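What follows is the residue order along each chain.
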Amino acid sequence: IAPGLLTLMAKSIISVNFMEQRNAGLATVVENINDKLITEIKDVDNFLTGVILRFDEDRIEYINCAHPDVICKKTDIDRTGKVLDKTGKRVSGPILGIDSQGAMHEVGFEEISFKLKQGDSLLLYTDSMLESTNSGGKAYGETMIMKSLQNARGETAQEILNAIIGDFFNYIAPREIMDDLTVILIRKK
């Protein structure tokens, strides 16, 4: 019950901050969200990881809060990979809702922006997809996730997502997932 309540509280805090700070930089918005989460859940032994995206036409602002990397498929160059910063480094900031005596504010949230073209896709997923294993004990992992997105065919986001989920469950069969699984595919029309 506690994680569900935490998620509802976080959703409310995130929504309010996005609306109130429409014109602020995304890093500032996420810092304010984190401050409010710290205040609300300071005595609870829970925290959040997540990806914050803000869409503006074909431009996407992105902050990763200790969550698995977002995977992007660029159709014009037929290439799939992690969304990285301009230097080629992974984008990941601190966990949301924990303040180890102010240390989180020293790290900060790294904001990057990038563009999607028609047909490009973004794949967001929870760590359950990374860590679920097949009958031989081998984790599905990032490489398989990227390969599945690269090979997925379909005209709609739903068709592509169905192909990815099918690959995942075929890989881990007959085992079941041991953690919650969320997978989101965003495709630019």
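So, a few notes on the structure that sits alongside this text. (Residues numbered from 1 in each chain as written. Predicted model: local features only at pLDDT ≥ 70, side-chain atom pairs only at ≥ 80, totals over all residues. Heavy atoms only, no water.)

**Quick notes on the sheet that holds strand β4 (residues 79–82)**
Strand pairing in a sheet is mediated by backbone hydrogen bonds. Such pairs are either parallel or antiparallel. Taken in spatial order, the four strands line up as β4-β3-β6-β7 in an open sheet, and their pairing is antiparallel. Both edges of this open sheet fall to β4 and β7 (183–187), since each of them pairs with a single strand only. Strand-to-strand twist of the sheet, defined as the mean angle between neighbouring strand axes without regard to direction, takes the value 15°. The pairing of strand β6 (residues 121–125) with β7 spans five bridges and is classified as antiparallel. Residue pairing across strands places Leu-124 opposite Ile-184, the latter belonging to β7. Across the sheet, helix α6 (residues 157–172) lies against β6 and β7, angled at about 145° from β7, the strand it touches most. (Pairing = 2+ DSSP bridges. Helix = DSSP H or I, 4+ residues; strand = E, 2+ residues; numbered from the N terminus. Axes fitted to C-alpha atoms, helices over the stretch in contact; angles between N-to-C directions. Contact = heavy atoms within 4.5 Å.)

**Points about the packing of aromatic side chains**
Inspection of the entire model under this criterion finds four aromatic pairs. Between Tyr-140 and Tyr-171 the ring centres are 5.1 Å apart and the planes differ by 65°, which places this aromatic pair in the edge-to-face class. Here Tyr-140 is found in the loop between α4 (127–131) and α5 (141–151), whereas its partner Tyr-171 is found in helix α6, with 31 residues between them in sequence. Accessibility expressed as a relative area gives 3% for Tyr-140, which makes it buried. Tyr-171 sits in the buried class, given a relative accessible area of 18%. (Phe/Tyr/Trp six-rings, centres within 6.5 Å; stacked < 30°, edge-to-face > 60°. Buried < 20%, exposed > 50% of the residue type's maximum accessible area, 1.4 Å probe, protein only.)

**Topic: the pairing of strand β1 (residues 50–56)**
Burial analysis of β1 places five of its seven residues in the buried class, the great majority of the element. Sheet analysis places β1 next to strand β2 (residues 59–65), joined by seven bridges and oriented antiparallel. The partner of Ile-52 across the bridge, within β2, is Ile-63. Remark: two residues form the turn of the hairpin made by β1 and β2, two consecutive strands paired antiparallel; Glu-57 in that turn has positive phi of roughly 60°.

**Describing α5**
Among the residues of α5, Gly-141, Ile-145, Met-146, Ser-148, Leu-149 and Gln-150 are the ones counted as buried. Lining the buried residues of α5 we find β3 (71–74), β4, β6, α4, α6 and β7.

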